[in-house]
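# Coordinates in review
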2 protein chains.
Amino acid sequence: MLPTTYLALSGERFRVTYRLTGDEAQAGDKARDICIEQTVEFPEGLLPDGDIREHIVGRIESLQRVSAKSCEVVISYAVETTGFDFVQLLNVMFGNSSIKPGIRVERLDLPDSLLRAFKGPRFGQAGLRALVGVGERPLLCTALKPMGLPPSELAKMAYQVALGGIDLIKDDHGMADQSFASFAERVSRCAEAVARANQETGHNCLYLPNVPGPVDRVVERGLFAKEAGAGGLLVSPGLLGFDAMRLLAADDAIGLPIMAHPAFQGSFVTSPDMGVSHYVLFGQIPRLAGADVTIFPNFGGRFSFSKEDCTLLAQGCVTPMGHIRPIFPAPAGGMTLERVPEMLEVYGRDVIFLIGGGLHQRGPDLTENSRYFRQLVETLAG
Amino acid sequence: MLPTTYLALSGERFRVTYRLTGDEAQAGDKARDICIEQTVEFPEGLLPDGDIREHIVGRIESLQRVSAKSCEVVISYAVETTGFDFVQLLNVMFGNSSIKPGIRVERLDLPDSLLRAFKGPRFGQAGLRALVGVGERPLLCTALKPMGLPPSELAKMAYQVALGGIDLIKDDHGMADQSFASFAERVSRCAEAVARANQETGHNCLYLPNVPGPVDRVVERGLFAKEAGAGGLLVSPGLLGFDAMRLLAADDAIGLPIMAHPAFQGSFVTSPDMGVSHYVLFGQIPRLAGADVTIFPNFGGRFSFSKEDCTLLAQGCVTPMGHIRPIFPAPAGGMTLERVPEMLEVYGRDVIFLIGGGLHQRGPDLTENSRYFRQLVETLAG
């Protein structure tokens with residue numbers, strides 16, 4: 001017979017806030033189900049008495065009606081259920097419950113005993129500002145594109161925009177390791193071009209190549225990029241896996257800032273009743289996984305995020321989380337120069353303006369367009 | 001000036017079928033947008049003439065109204081855009097478009113030139129049947145649970161169900177590397193227990209431990225499991241990353257069958273208008289990534305999949321895909337013994353019945369319950 005107390009748990013728990021559809025009674029049923037589903041997945045009546053029933057099973061901490069159709073419920077879990085591993089943290093938070101209707105993750109509250117398991121962003125807002133040497137204004141970012149250009153053309157583009165005063169130049173996230181533009185050649189040439197521009201301008205523009213699959217080569221690719229002179233890495237955790245981003249961010253030999261791209265993650269935020277909130281998915285999670293910048297589609301662009309989604313997301317980037325640094329939100333996706341004033345109002349100065357195609361649309365001279373972009377931002381928020 | 005033809009493309013293209021909301025005109029607009037968004041992400045008017053505009057940009061192959069509210073559109077992409085890499089294939093298929101409303105991936109059609117880049121399932125249906133020595137009936141699977149049991153208790157449970165004639169015993173996917181049940185001790189003890197039962201029964205029951213994070217240790221964990229006598233691996237690609245599953249499946253030194261768990265993937269199939277179809281997400285994608293078995297929540301259980309969803313999913317497991325083997329669907333999630341006849345009717349014999357908590361509910365003697373399960377299936381589909 002199993003002893004009732006043997007797990008040697010610390011008593012420390014982390015909290016997940018879920019939004020559950022239904023009135024108090026319905027949400028209560030759902031919440032009790034989540035407590036089981038996310039932990040023991042076992043008929044409650046057959047659970048052994050003692051530690052498992054009392055401490056491993058999730059615990060409802062509060063339940064509050066927040067709208068005609070839904071309640072907010074806080075459930076706590078023993079920190080030990082996560083094994084202090086990022087992947088398993090995501091699992092306890094939302095693994096099986098992602099497949100059930102009417103459950104949405106709204107917020108994470110992790111105690112220091114769990115946060116200590118994660119390095120978080122190596123640079124964060126302050127560290128990235130120091131790297132590029134920009135004190136208080138928003139940082140300026142653009143993307144190398146379109147897919148299909150040879151490395152020589154991409155490098156030319158990188159040189160031109162760096163010369164114009166862009167702070168961060170990232171690959172388009174579709175730049176992988178393709179026959180027409182290999183990872184190695186693209187990274188070497190673009191890093192060299194940006195270094196050359198920096199010598200002329202005296203700026204510290206960073207080039208952030210996209211790290212493609214396979215996942216077993218990401219560290220090798222990160223080291224190659226570092227060696228070639230890249231100033232950071234672009235990672236799509238929805239594609240490569242969230243833990244691959246954490247791995248790259250935590251690698252001391254690489255030691256570069258990480259920019260997270262939202263590709264393949266849209267389905268998580270499709271519905272207000274299911275999935276994961278913008279606050280958690282693009283704020284808290286990338287921070288835990290070590291991103292210094294989180295790219296997301298700005299409201300009013302060619303994607304489907306609302307202004308409120310974006311505001312909450314930006315809050316997730318800076319909300320206090322123990323030693324985990326605040327990071328930059330980088331609204332993008334059809335951004336144009338005309339929208340800079342409005343975006344400043346919404347995001348404030350601690351933001352990265354990522355403008356891709358829009359920088360090309362102003363005219364054929366990319367250096368001139370970049371200068372204009374920089375002057376515009378310096379004038380409005382210098 | 002860039003030459004117009006320089007990319008040396010093969011002309012080979014792969015096709016993605018999208019379901020787009022709207023009438024023909026609206027879907028046509030969406031489709032043209034996808035062709036750009038999934039490839040060049042660049043203002044169409046500024047694209048250089050030649051290869052990029054003609055071959056890199058996606059191409060609409062067909063557009064057909066399929067309901068009052070939606071159309072099915074087939075878009076083809078040059079195989080070279082994927083870099084013949086699984087992660088980038090997912091990206092071209094649905095990276096940014098996952099964030100736009102009214103777009104759902106319905107089906108993949110990949111030419112041999114692209115399929116050759118993937119090993120696919122090492123065993124598939126026939127190979128797994130050979131491993132467990134079961135000719136034509138459905139395979140029987142159960143899970144070790146609940147989280148919180150020490151390895152000794154889990155091993156006892158594994159021994160009992162193996163003795164009763166279960167074919168496949170997997171860890172619950174919440175079994176990670178926790179203080180109360182370390183990966184190493186759990187795997188060693190459970191594998192030993194199953195081997196002992198096999199000696200008594202003459203069967204070839206396989207034990208499939210869950211591979212937890214971090215992602216940089218999955219291969220090491222797979223090798224440890226193999227060494228300890230495990231007969232396969234349970235992987236949650238939604239948590240670890242799809243490519244981590246491919247990596248484990250493709251590793252010849254590990255060489256074990258892979259069972260895919262759907263944790264954290266529910267949001268992809270939340271909406272009929274967005275995300276990825278069950279056919280692709282739980283059928284075609286895990287096959288490409290090397291899973292031999294794909295677990296999913298059965299209709300009528302405690303999750304939200306419909307009978308039609310499950311039927312389409314099962315079709316995705318066996319639809320012809322070049323050299324990529326057909327795999328087993330494993331309906332689960334609140335399955336009970338009473339439902340075996342109905343499930344046989346829906347899935348046929350090439351299925352794995354995964355019953356977890358339901359096996360415990362019949363009574364305290366797990367060996368007896370397992371024997372009953374096996375006899376039931378042998379009687380109905382022997």
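Residues numbered from 1 in each chain as written. Chains lettered and ligands numbered in written order. Predicted model: local features only at pLDDT ≥ 70, side-chain atom pairs only at ≥ 80, totals over all residues.

To continue, consider the overall build of chain A. Counting its secondary structure elements, chain A contains 15 helices and 13 strands. The C-alpha radius of gyration computed for chain A amounts to 22 Å, which stays within 12% of the reference 21 Å derived for 382 residues, consistent with globular compactness. Counting only C-alpha atoms, chain A reaches 75 × 45 × 35 Å along its principal axes. Relative to its full complement of 382 residues, chain A shows a buried share of 59%. Sequence separation of at least 24 residues holds for 75% of the intrachain contacts in chain A that already meet a minimum separation of 6. (Helix = DSSP H or I, 4+ residues; strand = E, 2+ residues; numbered from the N terminus. Rg over C-alpha atoms; globule rule 2.2 N^0.38 Å. Buried ≥ 20, exposed ≤ 12 C-beta atoms within 10 Å, placed from the backbone. Contact = placed C-beta atoms within 7 Å.)

Before going further, it helps to examine the pairing of strand β3 (residues 70-78) of chain A. All names here are of chain A. As paired elements, strand β1 (residues 13-21) and β3 share nine bridges and run antiparallel to each other. Bridging across to β3, F14 finds its partner in Y77. Pairing of strand β2 (residues 59-65) with β3 involves six bridges; the strand directions are antiparallel. By the bridge assignment, I60 is partnered in β3 with I75. Counting the residues between successive antiparallel strands, the hairpin from β2 to β3 contains four residues. (Pairing = 2+ DSSP bridges.)

Our next topic: the relation of the copies chain B and chain A. Between chain B and chain A, which share one sequence, the superposing operator has a rotation angle of 180 degrees and an axial displacement of 0.0 Å; the RMSD is 0.0 Å. On this basis, the relationship between the two copies can be described by a two-fold rotation axis. By C-alpha distance to the rotation axis, the residue of chain B lying nearest is B:G241, at 2.0 Å. (Least-squares fit on C-alpha atoms with pLDDT ≥ 70 in both.)

On to the packing of helix α13 (residues 340-347) of chain A against helix α15 (residues 366-381) of chain A, then. Residue and element names in this part refer to chain A. Running from amino to carboxyl end, α13 crosses α15 at an angle of 45 degrees, the nearest separation of the two axes being 11 Å. In terms of axis orientation, α13 runs oblique to α15. Both α13 and α15 take part in a crossing whose hand is right-handed. Listed contacts from α15 to V340, P341 and L344 of α13 are L376, V377, L380 and A381. (Axes fitted to C-alpha atoms, helices over the stretch in contact; angles between N-to-C directions. Parallel < 35°, antiparallel > 145°, perpendicular 65-115°, else oblique. Left-handed = near helix turned anticlockwise from the far one by under 90°.)

Glancing now at the interface of chain B and chain A. Taken residue by residue, the interface counts 73 residues in chain B and 73 residues in chain A. Those elements that place two or more of their residues in the side of chain B that touches chain A are α2 (51-56), α3 (86-94), α9 (237-240), α10 (242-250) and α14 (357-361) of chain B. Taken together, the residues that form the side of chain B that touches chain A break down as 35 nonpolar, 27 polar and eleven charged. (Nonpolar A, V, L, I, M, F, W, Y, C, P; charged D, E, K, R; others polar.)

Moving on, we get to helix α12 (residues 307-318) of chain B. At 3.6 residues per turn, the α-helix brings residues three or four places apart onto the same side. Helix length check: α12(B), at twelve residues, gives a terminal C-alpha distance of 17 Å against a target of 16 Å (1.5 Å per residue), a fit within 8%. Buried residues in α12(B) make contact with α11 (278-288), β11 (293-297), β12 (328-332) and α13 (340-347) of chain B. (Expected span 1.5 Å × (residues − 1).)

The next subject is the domain arrangement of chain A. Residues and elements named next belong to chain A. Per the domain assignment, the segments of chain A are domain 1 (13-115) and domain 2 (124-381). Domain 1 and domain 2 are separated by 33 Å when their C-alpha centres are compared. Tallying the contact residues gives 16 residues for domain 1 and 17 residues for domain 2. Elements that contribute at least two residues to the side of domain 1 that touches domain 2 include exactly α3 (86-94), β4 (103-109) and α4 (112-115). By residue number, the principal contributor to the side of domain 1 that touches domain 2 is β4, which donates six residues. (Domains from an automatic or database assignment.)

Let us look at the sheet that holds strand β13 (residues 352-354) of chain A. Residues and elements named next belong to chain A. Taking strand neighbours across the sheet as the criterion, the four strands line up as β7-β6-β5-β13 in an open arrangement whose pairing is parallel. Strands at the two margins of the open sheet, each flanked by one partner only, are β7 (206-208) and β13. Adjacent strand axes in the sheet meet at a mean angle of 25 degrees, parallel and antiparallel pairs treated alike. Here four bridges tie strand β5 (residues 139-144) to strand β6 (residues 168-171), and the two strands are oriented parallel to one another. The partner of L144 across the bridge, within β6, is D171.

Residue and element names in this part refer to chain B. Spatially, the four strands line up as an open sheet ordered β7-β6-β5-β13, and their pairing is parallel. Looking along the sheet, the strands with just one partner apiece sit at the ends: β7 (206-208) and β13 (352-354). Strand-to-strand twist of the sheet, defined as the mean angle between neighbouring strand axes without regard to direction, takes the value 25 degrees. Pairing of strand β5 (residues 139-144) with β13, which is carried by three bridges, proceeds in the parallel orientation. Counted as the bridge partner of L139 is I352 from β13.

Residue and element names in this part refer to chain A. The element helix α11 (residues 278-288) is largely enclosed, with a buried count of eleven among its eleven residues. Of all the positions in α11, only H278, Y279, V280, L281, F282, G283, Q284, I285, P286, R287 and L288 are classed as buried. Following α11 by one or two positions, G290 adopts a phi angle in the positive range, close to 95 degrees.

Attention now goes to the environment of B:G28. Counting through the fold element by element, B:G28 comes out in helix α1 (residues 24-37). Residues B:G28 and B:L63, 35 residues apart in the sequence, show an inter-C-alpha distance of 7.4 Å.

Along β5(A), six of the six residues are buried, which leaves the element largely enclosed by surrounding structure. As a crossover connection, the stretch from β5(A) through helix α6 (residues 151-163) of chain A into β6(A) is right-handed. (Right-handed = clockwise from strand over helix to strand, strands pointing away.)

We now examine unusual backbone geometry. Looking along the chain, the bond that leaves A:K145 and enters A:P146 is cis, with omega of 0 degrees. Among the structural elements, A:P146 can be located in the loop between β5 and α6. Omega for the peptide link from A:G213 to A:P214 comes to 0 degrees, which places this bond in the cis form. A positive phi angle, close to 45 degrees, is found at A:E41, a residue other than glycine. Residue classification places A:E41 among the buried residues on the basis of 21 C-beta atoms within 10 Å. For B:A8, which is not glycine, the phi torsion reads 50 degrees and is therefore positive. Structurally, B:A8 can be placed in the segment before β1 (13-21).

This part covers the environment of B:A130. Its place among the elements puts B:A130 in helix α5 (residues 124-132). Taking C-alpha positions, B:A130 is 21 Å from B:E227, a pair spaced 97 residues apart along the chain.

With that out of the way, let us pick up the confidence of the model for chain A. This prediction gives chain A a mean pLDDT of 96; 99% of its residues lie at or above 70. Across the interface, the model reports ipTM at 0.97; the global pTM reads 0.97. (pLDDT = per-residue confidence, 0-100.)

Time to look at the packing of helix α6 (residues 151-163) of chain B against helix α15 (residues 366-381) of chain B. All names here are of chain B. Where α6 contacts α15, the axes come no closer than 7 Å and their chain directions differ by 35 degrees. Of the two possible hands of crossing, α6 and α15 adopt the one that is right-handed. The segment α6 lies against α15, with M157, Q160, V161 and L163 engaging L366, T367 and S370.

Turning our eyes to something else, we now look at the environment of B:E12. Residue and element names in this part refer to chain B. On the secondary structure map, E12 appears in the segment before β1. For E12, a count of 14 C-beta atoms within 10 Å puts it in the partly exposed group. On a C-alpha basis, the gap between E12 and P111 in space is 7.4 Å, while along the polypeptide they are 99 residues apart. Ignoring sequence-local partners within four residues, the contact set of E12 consists of V79, P111 and S113.

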